[in-house]
Each structure stands twice: as C-alpha cells, then as structure tokens.
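# Architecture and fold: a report
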Amino acid sequence: MPLIIAPLNVVLKVIKILLDDKTKKHLESLGITIDSEIKILECSGGSVIIAVKDGRLALDSNIATKILVR
C-alpha cells in the first residue's frame, strides 16, 4: 500500500520506491531504502511525518504516494 494511506504508529517495511533515480538516491541518504523499517507519526493535509531510524522526516503527498510499504 502507498505510504500515504498506511496506518499510524505501526512499524512498516518499505517494499518499493516508484521515483526517479535522483530522488531515490536522496531518500537512501536519509535512510529510506528497500526493506528499511519506518513508522508514520502523523498524516495531515497530504503531508506525512515519519520516523526513520533515530530521526523524523516530513514527506509531501507526491513522494508519500510513491513509496510502497507493507
């Protein structure tokens, strides 16, 4: 399922990233890779705040819809 519709406060595993190579590399540098674990902390107005490793990231709806998790 896309990250934007995933449940809050549940550990999710990234299974696919449907973005261009430049954006994928940027997300990888932030810790979002295939098989990485993330948790959605807040989802409001289309943007999503996630916890990755020891940090937090805010993603806009365009990126959040192209990150698939389970």
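Here, every reference points to the structure presented above.
Reading guide: rules and limits
Residues numbered from 1 in each chain as written. Predicted model: local features only at pLDDT ≥ 70, side-chain atom pairs only at ≥ 80, totals over all residues. Heavy atoms only, no water. Pairing = 2+ DSSP bridges. Helix = DSSP H or I, 4+ residues; strand = E, 2+ residues; numbered from the N terminus. Axes fitted to C-alpha atoms, helices over the stretch in contact; angles between N-to-C directions. Salt bridge = Lys/Arg side-chain N within 4 Å of Asp/Glu carboxyl O. Buried < 20%, exposed > 50% of the residue type's maximum accessible area, 1.4 Å probe, protein only. Contact = heavy atoms within 4.5 Å. Core = buried A, V, L, I, M, F, W, Y, C linked by side-chain atoms within 4.5 Å.

### Focus on the sheet that holds strand S5 (residues 67–69)
Paired through their backbone hydrogen bonds, the strands of a sheet run either parallel or antiparallel. Across the sheet, 5 strands lie side by side as S4-S3-S2-S1-S5; this open sheet has antiparallel pairing. Two strands close off the open sheet at either side, each with one partner strand: strand S4 (55–59) and S5. Across the sheet, the axes of successive neighbouring strands diverge by a mean angle of 45 degrees, strand direction being ignored. Of the pairings in the sheet, the one linking strand S1 (residues 11–17) to strand S2 (residues 37–44) comprises 3 bridges and is antiparallel in character. Along S2, the bridge assignment pairs Leu 12 with Ile 38.

### Some remarks on the pattern of salt bridges
On inspection of all chains with the given rule, the structure shows 1 salt bridge. In this structure, Asp 35 engages Lys 13 in a salt bridge whose closest nitrogen and oxygen atoms are separated by 3.9 Å. With Asp 35 in the loop between helix H1 (21–30) and S2 and Lys 13 in strand S1, this pair connects stretches of sequence that are 22 residues apart. For Asp 35, a relative accessible area of 48% gives the class partly exposed. Using a relative accessible area of 31% as the deciding quantity, one classes Lys 13 as partly exposed.

### A closer look at the environment of Leu 8
For Leu 8, the position within the fold is in the segment before S1. Sequence-distant contacts of Leu 8, defined by excluding residues within four places in its chain, comprise Ile 40, Leu 41, Glu 42 and Cys 43.

### Section: the nonpolar core
Nonpolar side chains in soluble globular proteins generally cluster together in the buried interior. Judged by nonpolar contacts, the single largest core of 18 residues is most densely connected at Leu 3, Ile 32, Ile 38, Ile 50, Ile 67 and Val 69. Counting only elements with at least two residues in this core, the list comes to S1, S2, strand S3 (47–52), S4 and S5. With near-sequence residues (within four places) excluded, Val 69 lies in contact with Met 1, Leu 3, Ala 6, Leu 12, Lys 13, Val 14, Ile 15 and Ile 38.

### Considerations on the pairing of S4
Side chains on a regular strand alternate between the two faces of the sheet. Alignment of S3 against S4, held across 5 bridges, turns out to be antiparallel. Across the sheet, Ile 50 pairs through a bridge with Leu 57, a residue of S4. Where S3 folds back on S4, the antiparallel hairpin that results is connected by 2 residues, among which Lys 53 adopts a positive phi of roughly 55 degrees.

### A word on the pairing of S2
Taken together, the 6 bridges between S2 and S3 define a ladder with antiparallel strand orientation. From the neighbouring strand, Ile 40 faces S3, where its bridge partner is Ile 50. Hairpin geometry of S2 and S3 is characterised by an intervening segment of 2 residues between the two adjacent antiparallel strands and by a positive phi of about 60 degrees at Gly 45.

In short, shape yes, function no, at least from these values alone.
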